[in-house]
Amino acid sequence: MFRFAHPEYLYLLLAAPALIALFAWALYDRRRRLARFGDPATVATLMPDASTGRMKLKFILFTTAVILVILAAARPQFGSKLREQKSEGIEMMLAVDISNSMLAEDFEPNRLERTKYAINKLFDGLEQDRVGVIVFAGDATVQLPITSDYRMAKAFAKRISPSMASVQGTSIGKALSLAEMSFSSGSGDSRVIILITDGENHEDDALAAARRAAEMGIRIYTIGIGTPEGAPIQIGGEFIKDEKGDMVVSKLNEEMLAQIADITGGAYVRSSKQSIGLDEIVKAINEMEQTELSTVRFEEFNEQYQYLLIAALVLLLLEFVVLDRRNPLLAHLNIFREK
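Computed from a predicted structure; not experimentally measured.

Asker: When you look at the environment of glycine 132 in this model, what are you seeing that I'm missing?
Answerer: As for its position among the elements, glycine 132 is in strand β4 (residues 130-136). For glycine 132, a relative accessible area of 0% gives the class buried. Taking the C-alpha atoms as reference points, glycine 132 and alanine 95, separated by 37 residues in sequence, lie 8.6 Å from one another. Once residues within four sequence positions are removed from consideration, glycine 132 is found in contact with Met92, Met93, Leu94, Leu144, Pro145 and Ile146.

Asker: Just checking my understanding: could you explain the pairing of β4 for this structure?
Answerer: When you tally the buried positions in β4, you get seven out of seven residues, the bulk of the element. Neither face of β4 is open: one carries Arg130, Gly132, Ile134 and Phe136, the other Val131, Val133 and Val135, and all of them are buried. Examined bridge by bridge, strand β3 (residues 91-97) and β4 share seven bridges and lie parallel to one another. When the bridges of β4 are listed, aspartate 97 appears paired with phenylalanine 136. In terms of handedness, the path from β3 via helix α4 (residues 111-125) over to β4 forms a crossover that is right-handed. Between β4 and the antiparallel strand that follows it, strand β5 (residues 140-147), lie three residues.

Asker: Is there a simple way to explain the side chain of threonine 115 in this structure?
Answerer: Within the secondary structure, threonine 115 sits in helix α4. Exposure remark for threonine 115: the relative accessible area of 0% places this residue in the buried category. With residues up to four places along the chain from it excluded, the contact list for threonine 115 reads Val96, Met102, Ile196, Ile225 and Ile276.

Asker: Quick question: what am I supposed to make of the packing of α4 against helix α5 (residues 150-158) here?
Answerer: Helix packing geometry: the angle between the two helix axes and the distance between the axes. Interhelical geometry of α4 versus α5 gives an angle of 180° and a closest axis separation of 10 Å. When the axes of α4 and α5 are compared, the pair comes out roughly antiparallel. Between α4, through Lys116, Ile119, Asn120, Phe123 and Asp124, and α5, the contact on the second element is made entirely by Tyr150, Ala153, Lys154, Ala157 and Lys158.

Conventions adopted
- Residues numbered from 1 in each chain as written.
- Predicted model: local features only at pLDDT ≥ 70, side-chain atom pairs only at ≥ 80, totals over all residues.
- Heavy atoms only, no water.
- Helix = DSSP H or I, 4+ residues; strand = E, 2+ residues; numbered from the N terminus.
- Buried < 20%, exposed > 50% of the residue type's maximum accessible area, 1.4 Å probe, protein only.
- Contact = heavy atoms within 4.5 Å.
- Pairing = 2+ DSSP bridges.
- Right-handed = clockwise from strand over helix to strand, strands pointing away.
- Axes fitted to C-alpha atoms, helices over the stretch in contact; angles between N-to-C directions.
- Parallel < 35°, antiparallel > 145°, perpendicular 65-115°, else oblique.

What follows is the structure, given as structure tokens:
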């Protein structure tokens with residue numbers, strides 16, 4: 001495994017384009033100044049020792065050395081030793097509805113944005129559990145496989161949007177089936193699916209998927225986000241209308257969500273404007289029997305920065321040795337002959 005111990009230093013590489021631009025401007029300004037004295041070809045014969053090629057070579061050597069020093073400062077490392085880390089926890093897959101109905105604004109700013117905020121808070125509170133994320137609309141996709149890297153999980157959760165759905169609709173059964181297959185082989189009975197949706201299922205038999213989960217020992221906790229009264233759906237500043245021209249109102253379907261949870265021994269929670277419901281579900285999950293989870297990690301890393309520093313030092317020495325003007329002793333070799 002390769003990594004940078006301090007990747008933030010890589011931003012300094014942005015200085016390289018700035019140096020190139022500055023050097024190009026310096027060459028242009030030099031030609032402009034020389035042109036004041038007469039024809040460039042005539043002026044060149046008057047300065048036989050001047051060498052633009054040497055200037056370019058010195059600049060390339062210096063700039064390359066700077067880039068190598070920056071890379072060395074970021075401390076490139078190769079993993080050299082694997083260690084299996086064991087912990088007690090559970091595995092949970094979050095199945096998040098990203099259909100257009102999640103854009104209804106009965107929750108501010110809308111249902112989906114409130115869901116993403118709650119997921120972010122959930123990841124902040126986890127310690128030893130593993131999480132994964134599935135997004136679904138008319139179809140379901142694994143957005144994040146099971147992982148214990150909460151920082152990466154938060155980054156993936158922030159990108160959730162309805163634009164990720166290739167097919168619109170609400171296929172809860174597909175989402176549950178995909179979640180059932182996404183757990184690791186060693187998670188035992190400590191497997192949980194948290195389904196977050198408004199419950200408007202239009203595509204398949206979600207209850208059949210729930211029964212399969214129960215047979216596999218997987219609990220499903222459902223969160224209904226929205227209100228029974230519902231709210232219109234606004235996309236791009238315009239409200240969605242049906243074929244008759246009437247405004248589409250998305251309403252919370254609590255009955256099916258409660259049935260899914262009951263079949264698997266989980267629980268159903270209706271979101272409120274104060275709480276999405278994840279806190280309540282996490283409390284119930286923490287009371288479950290936890291399984292020993294093992295994760296393979298790189299424990300030791302070999303530093304590689306010293307090789308970059310040596311190369312940078314060699315380039316700087318070469319840059320120092322190369323003179324700005326032609327060396328009469330090497331003139332017959334025409335090493336820097338300009339075209």
